[in-house]
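As a plain string of letters, each chain reads:
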Amino acid sequence: MLYAIIANNYPDCAAARLASRPAHLARLEQLKEAGRLVLAGPFPAIDAVDPGPAGFSGSLIVAEFDSQLAAQAWADSDPYVKAGVYENVIAKPFLQVLP
């Protein structure tokens, strides 16, 4: 089943986000290579494609997992959690209706 992983950033976490980004992206690449990643990306902190110094307020990942517990466990072990970027992260069941 698909799950939406929704994460919100701590304020002023840009440096930690940048430092842990390669490890975060590597995990997403693993999901992609396994054919389980539907989409992933950040929420700009302002209404702009390039938020510049405003940065990002969080992330959305939609991917396939065996269960909600598995999705939450995967999300909880994200490098952004360990680096203090994500203030909270939740995995919710997701039904894709349109591409």
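Note that this is a predicted model, so its numbers are computed, not measured.

Calculation rules
- Residues numbered from 1 in each chain as written.
- Predicted model: local features only at pLDDT ≥ 70, side-chain atom pairs only at ≥ 80, totals over all residues.
- Heavy atoms only, no water.
- Helix = DSSP H or I, 4+ residues; strand = E, 2+ residues; numbered from the N terminus.
- Rg over C-alpha atoms; globule rule 2.2 N^0.38 Å.
- Buried < 20%, exposed > 50% of the residue type's maximum accessible area, 1.4 Å probe, protein only.
- Areas by Shrake-Rupley, 256 points an atom, 1.4 Å probe, with all protein chains shown as cover.
- Core = buried A, V, L, I, M, F, W, Y, C linked by side-chain atoms within 4.5 Å.
- Contact = heavy atoms within 4.5 Å.
- Polar contact = N/O pair within 3.5 Å; in protein donor to acceptor, adjacent residues only side chain to side chain.
- Pairing = 2+ DSSP bridges.
- UniProt positions renumbered as here; feature names shortened; annotations may be inferred.

Turning our eyes to something else, we now look at the overall build of the chain. Of the regular secondary structure elements, the chain holds 3 helices and 4 strands. Listing each helix as α and each strand as β along the chain from the N terminus yields β-α-β-β-α-α-β. Its C-alpha atoms give the chain a radius of gyration of 13 Å, near enough to 13 Å, the size a compact globule of 99 residues would have. Within the chain, the fraction of its 99 residues that count as buried is 32%. For the chain, the computed accessible surface area is about 6,100 Å², with 60% contributed by carbon and sulfur atoms.

What follows covers the nonpolar core. Of all hydrophobic cores here, the largest spans 17 residues; its most connected members are Ile5, Ile61, Phe65, Trp74, Tyr86 and Val89. Those elements giving two or more residues to this core turn out to be β1 (2-9), α1 (14-33), β3 (56-64), α2 (68-76) and β4 (86-94). Filtering out sequence-adjacent residues up to four positions away, valine 89 remains in contact with Ile5, Ile6, Ala7, Gln72, Ala75, Asp76 and Val81.

Before going further, it helps to spend a moment on the side chain of serine 59. Assignment of secondary structure puts serine 59 in strand β3. A distance of 3.3 Å separates a polar atom in the side chain of serine 59 from a polar atom in the side chain of arginine 17. Beyond its immediate chain neighbours, meaning those up to four positions away, serine 59 contacts Ile5, Ile6, Ala7, Arg17, Gly41, Pro42, Phe43 and Tyr86.

Turning to the environment of tyrosine 10, a few remarks are in order. Mapped onto the elements, tyrosine 10 comes out in the loop between β1 and α1. In this structure, the C-alpha to C-alpha distance between tyrosine 10 and valine 85, residues 75 residues apart in sequence, is 5.7 Å. Not counting residues up to four positions away in its chain, the partners in contact with tyrosine 10 are Gly84, Val85, Tyr86 and Glu87.

Most of β1 is tucked away: 6 of the 8 residues are buried. Where β1 meets β3, 7 bridges bridge the pair, whose relative direction is antiparallel. Residue pairing for β3: tyrosine 3 is matched across the bridge by alanine 63. Sheet topology places β1 next to β4; 8 bridges connect them, and they run antiparallel. Residue pairing for β4: leucine 2 is matched across the bridge by phenylalanine 94.

Moving on, we come to the UniProt feature "domain: YCII-related" (unreviewed entry) in the chain. Within the UniProt annotation, "domain: YCII-related" (unreviewed entry) is assigned to residues 1-94. Secondary structure across residues 1-94 divides into 35% helix and 36% strand, with the first and last C-alpha atoms of the span separated by 8 Å.

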